[in-house]
Every structure is written in structure tokens, then in C-alpha cells.
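# Examining the three-dimensional arrangement
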Amino acid sequence: MISFIICLALLIGGYFVYGKIVENTFAPDDRETPAVKINDGVDYVVMPQWKLFLVQLLNIAGLGPIFGALTGALWGPVVFLWITFGTIFAGGVHDYFAGMLSERNNGASVSEITGIYLGGAMKNVMRVFSVVLLIMVGTVFAVGPAGLIQLLFQNAGMDNILSSKLFWLILILIYYFIATFISIDKIIGKIYPVFGICLIIMAVGVAFGVMTNSEYVIPEIWNNFRNMHPSGTPIWSFMFITVACGAISGFHATQSPLMARCMKSERQGHCVFYGAMVSEGVIALVWAAAGCAIYEGSKLLEMGGGCPATVYDICSKTMGSVGLVLAMLGVIACPITSGDTAFRSARLVLADWFKIDQKPMMNRLKLCIPVLGVGAVLGIGNALGKIDYQIIWRYFSWTNQTLAMIVLWAASMFLFKEKKNYWITVVPAVFMSAVSITYFVIAPECLHLSTAIGYPVGIIAAIVFFGIFLYATKKTPKTAQ
């Protein structure tokens, strides 16, 4: 348990210390924000800081810090280190710059930001990349909660339409369409803060239940500093890809512009972007600790790692029947409130791409229908047993971390142009480049080559990317401050 407490303290301290360093490097000022300057009443709407923080937390904290962290627990308590240091030095940095670069560029989507700092070719790649990722995220975050609700009714002994995964999936997709279409402050701005509080209470409840039950012992890192995965799956780079949202996530870069369009002041960025990522890191740490404490690795693997059944079992064991209701509400609401903003972000990426004004209702409908249509096909395919959920999740995880890598390189170029310390983004960018390329080479759903090939290829690729960045800095003039 000492390891867990130390990591928790480091995460909280990281927000105040390293988060402040990141903020000072960017140097927010008192310029007029997009929310004030544009204010279209649909996507650009001023909201108070406390609401911005809670909405951002719900936007980014889908199934990732829960399912991903539980699956990460298969490697043992070594996963605590990735969640802690990944959040402080990579995830928080990534989220802060993704949000603030959007804010500095009139709330532009992640693909447009990438184009500004990495060029037109990368912008077009990111346009396709981000839309595909967002639709996969929306699908994952529709299928997951539908499965959880189905499980609840099945365990209650009901054998009717309420125990049908397809029924709940269709209802969730209908809600997604409404939330994607209407003004951000009508549903998202009103109910997200409530669910955000539920999510926080749920994490506290699970942590308290584990720490106060003598049957559960959170293992120490120093006694288990090795790969404990029952199948022998390598830590590098599978663990770094699997945990994803609990340490660093490119998906967050697609969500941050939503809040960048609603900030009254640039100085809110530290709390809203870096703070929400640290909070997600804490949530992931709690669930990883619960997975390590409650299950042997082989049992956790047998249950499917991070999945609805595992979450249900942990909530029941740590909080009992009363806490179970609140916990399941949080776990169900959490992915739903990331899924709807994923589809909303996809709409905005397409709108920026094709220069379609989103204030007219018909223009929003033109984009909502095809975006939700693709998500519905994938989701219903899973509900009918035609598409494997784990396959969607794995592709999402790799795409997710690759997007994070690209955003970090874009932030590095911004800092170079502004004559600022670009090493705070370059170091995690190099690291994530190695992680992403290595996984692509060795993962079963990708090239599936040996680690003897994948490891050096990943490292060489990261070095090449770093070299390209250094070459670009020689050719690109700095901006006078």
C-alpha cells in the first residue's frame, strides 16, 4: 500500500509543481479568448472554471482509466509507475498544450492545430486519423456502457428487452445524436458536472473499500518489480499502449478544443487541462491498485481484464450493494459522457476541414447523420456478435497513442517558434514515438513481428523523428516574442 500512497502523493504534487512549470513555459496572458470573441451560442459558450474542469474530466475519462488500468494491472504494480510518471510528464503536458494551442488558434480542432505547426501534409493525415479515432472512441464508449447495463439487468434476474445489449446500445446512440447536435451548454454543460462528481466519489469509494478491507493487499512495487503478466506479454510497449488514457491519450487532444472554446481566460488552462489529466491519473491509479489487490493475475486475465464483469465485481466487493449503485452509475455515465463528445468532436473536425459553419441547424445535421451512422454500424455489429469489442479497443489504443505522439511533436514546434523550452514536449514525444512504432511492429493485430525486430525498429524510428524535428528547427524561423 505504501507504493500506492507514494504514487498518489506524486500525482497531486505533480499538479502543483510540474504543472506550474508547464504553465509558465506556455505563459498564458490576458488576451481575448475564442469564447468571448466568437460566442456563437452553440460551440463557443463561456462557462465557469469549476464547470470547465468537471466537463473536461468527463470528456476525457471514458472507459480508458478504468478498463485500461484494470488490464494494465495484469503486469502487476509496475503499472503504477507508468500511470504516475506518464501522467505528470507526458499526459498532463500533452493535454495542456493541446487545449492551449487550440485556445490560441480560435478553438481550432486538433487536425488544424497540427497543420499550423507541422505543415499541410500532416494536417490532412490528422484530419483522417482523428475522425477515425473519434468514431472508434464513440463506438467503444457506446458498446461498453450498453454491456454494463445489460449485465446489471441480467444479474437482477430479468430476461426481457431490458437485458438486451442491442436495446441499450440504440438508446445510447440516440442520446449521442442529440448531444452531438445541440448547443454544448444545453446537456453537456448541465449534467456533466453531476456525473463528474459521481465519478470522483466512485473512485474514492473503491480506494476506501480496498484499503480498509484486510482481505485485499495492494502489492508494493519494490517487491514486484518485474513483468507479472500471466501470458508473459511484454511490458514494452504493450502496457504503455493498453493503459492509454490513464497516463497519456491522444483522444484528449480531440476533446480539449471543446473546452478551449468555452474558457473566459487563458489562465484557467492549468486547472482545466493539466488538472483534469492528473485527476484521471488518480482514477486510473485507484482502479489499477484495485485490480492488483483483489485478483491474482491469472484470475484477472480469466475475467477478461478491464471489462464490464470485472468492474461490476470490484464495485460489489469494495462498496457493497449501496455503493454498487453509485459506482455503476459512474462507470456507465463516464464512458457515455466521453462517447457523445467524441462524436461531437468528429463533427467539429469535419466542420473545420470542409469550412462548414456550425451555427445553422441543417449544417450540423449534414455532419451528425453520417458520423453517427458509421458508429451505429460498428456498435450494432458488436452487439450482434459480428465485431469483437477487444479488437476495436486495441485498434483504438494504438491509434490513440499515435495521435498523442503527433500532438506532442506539434507542441514542440510551437515552443521552438516561440523561443521557449521545447524539451518538456520533445522528451515525451520521443518516448511515445518509440512506444507507438514498437507496438505497431510487434502487436498481433498489426505487423506481428518478433520483439527482436520491433524493439530496435521502435527506437530507431524515435531517433529518426527526433532528427527530423531538429532538422525542421534549422529550416524554420523563430517567432519574435
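What counts, and at which threshold
Residues numbered from 1 in each chain as written. Predicted model: local features only at pLDDT ≥ 70, side-chain atom pairs only at ≥ 80, totals over all residues. Heavy atoms only, no water. Helix = DSSP H or I, 4+ residues; strand = E, 2+ residues; numbered from the N terminus. Rg over C-alpha atoms; globule rule 2.2 N^0.38 Å. Buried < 20%, exposed > 50% of the residue type's maximum accessible area, 1.4 Å probe, protein only. Contact = heavy atoms within 4.5 Å. Areas by Shrake-Rupley, 256 points an atom, 1.4 Å probe, with all protein chains shown as cover. Lys, Arg positive; Asp, Glu negative; His and termini not counted. Charge placed at Lys NZ, Arg CZ, Asp CG, Glu CD. Axes fitted to C-alpha atoms, helices over the stretch in contact; angles between N-to-C directions. Left-handed = near helix turned anticlockwise from the far one by under 90°. Nonpolar A, V, L, I, M, F, W, Y, C, P; charged D, E, K, R; others polar. Patch = residues over 30% accessible without salt bridge, like charges linked within 9 Å, V, L, I, M, F, W, Y side chains within 5 Å. Salt bridge = Lys/Arg side-chain N within 4 Å of Asp/Glu carboxyl O. Polar contact = N/O pair within 3.5 Å; in protein donor to acceptor, adjacent residues only side chain to side chain. Core = buried A, V, L, I, M, F, W, Y, C linked by side-chain atoms within 4.5 Å. Phe/Tyr/Trp six-rings, centres within 6.5 Å; stacked < 30°, edge-to-face > 60°. Lys NZ or Arg CZ within 6 Å of the ring centre and 35° of its normal. pLDDT = per-residue confidence, 0-100. Disulfide = S-S within 2.5 Å. Parallel < 35°, antiparallel > 145°, perpendicular 65-115°, else oblique.

Within the protein chain, the secondary structure is distributed over 19 helices and 0 strands. By the compact-globule yardstick of 23 Å for 481 residues, the protein chain fits well, its C-alpha radius of gyration being 21 Å. Counting only C-alpha atoms, the protein chain reaches 65 × 50 × 40 Å along its principal axes. Taking all 481 residues of the protein chain together, 62% fall into the buried category. Contacts spanning at least 24 positions in sequence make up 83% of the contacts within the protein chain whose residues lie at least 6 apart. With the model as given, the accessible surface of the protein chain reaches about 17,500 Å², and the carbon-plus-sulfur share is 68%. Taking the average place of the 30 positive charges on the side chains of the protein chain and the average place of its 24 negative ones, the gap between the two points comes to 8 Å.

For the pair helix α18 (residues 423-442) and helix α19 (residues 451-475), the least separation of the axes is 8 Å and the interaxial angle reads 145 degrees. Crossing angle aside, the handedness with which α18 passes α19 is right-handed. Between α18, through W423, V426, V430, S433, A434, I437, T438, V441 and I442, and α19, the contact on the second element is made entirely by T451, I453, G454, Y455, V457, G458, A461, A462, F465, F466 and F469. When grouped by side-chain class, the residues that make up the contact of α18 with α19 number 15 nonpolar, 5 polar and no charged.

There is a patch of nonpolar side chains on the surface, built from I2, I6, L10, F85, F89 and W222 and spanning about 580 Å² of accessible area. Secondary-structure elements contributing two or more residues to the nonpolar patch are α1 (2-16) and α6 (78-104). Top element by residues in the nonpolar patch is α1. It accounts for 3 residues.

Relative to the assigned elements, L378 resides in helix α16 (residues 361-383). With a relative accessible area of 27%, L378 lands in the partly exposed category. Taking C-alpha positions, L378 is 35 Å from P34, a pair spaced 344 residues apart along the chain.

Turning our attention to the side chain of S183. Examined against the element boundaries, S183 turns out to sit in the loop between α9 (165-181) and α10 (188-212). Reaching out from S183, the side chain makes a polar contact with the backbone oxygen of G41 at a distance of 2.9 Å. S183 has contacts with G41, V42, V45 and R344, leaving out every residue within four places of it along the chain.

Turning our attention to the pattern of salt bridges. Summed over the entire model, instances satisfying the criterion amount to 11 salt bridges. Between R31 and D29 there is a salt bridge whose closest N-O contact spans 2.8 Å. A salt bridge links R104 to E266; its shortest N-O distance comes to 2.6 Å. With R104 in helix α6 and E266 in the loop between α12 (251-260) and α13 (269-294), this pair connects stretches of sequence that are 162 residues apart. Among the charged side chains, a network of salt bridges with common partners joins D29, R31, R104 and E266.

By size, the foremost hydrophobic cluster in this structure holds 150 residues, and its most contacted members are F80, F97, Y176, M259 and W287. Ranked by residue count, the leading element in this core is α13, at 17 residues. Those residues in contact with M259 that lie beyond four places of it in its chain are M47, L52, V55, Q56, N59, I184, V272 and F273.

Attention now moves to the packing of aromatic side chains. Within this structure, the stated rule accounts for 27 aromatic pairs. Relative to F97, the ring of F26 lies with its centre 6.0 Å away and its plane at 75 degrees, an arrangement referred to as edge-to-face. Placement of F26 in helix α2 (residues 18-26) and of F97 in helix α6 is noted, with a sequence separation of 71 residues between them. The same class applies to F26 as to F97, namely buried. Ring pairing ties together the aromatic residues W409, F416, Y422, W423, F466 and F469, which thus form one cluster. Sitting over the ring of F26, K420 keeps its end group 5.7 Å from the ring centre.

Another point: the confidence of the model for the protein chain. A residue-level look at the protein chain finds 94% of positions with pLDDT of 70 or above and a mean pLDDT of 88. Looking at the elements of the protein chain, mean pLDDT is at its lowest for helix α15 (residues 308-354), recorded as 80, and at its highest for α2, recorded as 98.

Overall, the coordinates contain 0 disulfides when judged by the stated rule. Cysteine C262 remains unbridged, with the sulfur of C271 as its closest cysteine sulfur at 15 Å. Since its relative accessible area comes to 0%, C262 is described here as buried. Cysteine C368 is unpaired, with the sulfur of C262 as its nearest cysteine sulfur at 16 Å. What makes C368 buried here is its relative accessible area of 0%.

This part is about the packing of helix α8 (residues 120-155) against α12. Interhelical geometry of α8 versus α12 gives an angle of 90 degrees and a closest axis separation of 10 Å. For the element pair α8 / α12, the angle class is roughly perpendicular. On the side of α8, the interface is formed by S130, L133, L134, V137 and F141, while α12 contributes F251, T254 and Q255. Within the contact of α8 with α12, the residues separate by chemical class into 5 nonpolar, 3 polar and no charged.

At the junction of W236 and S237, the peptide bond is cis and its omega measures out at 0 degrees in the coordinates. If you trace the backbone, S237 turns up in the loop between α10 and α11 (238-243). The phi angle at N39 is positive, at roughly 40 degrees, despite the residue not being glycine. Turning to its location among the elements, N39 is positioned in the loop between α3 (34-37) and α4 (49-60).

Here the focus is the environment of L470. Mapped onto the elements of the fold, L470 is located in helix α19. For the pair formed by L470 and W409, sequence separation is 61 residues and the distance between their alpha carbons is 11 Å.

Note on placement: T341 falls in helix α15. Of note is the side chain of T341, whose polar atom sits 2.6 Å from the side chain of Q255. In this structure, T341 is in contact with N59, I188, Y192, Q255 and L258, ignoring residues within four places of it in sequence.

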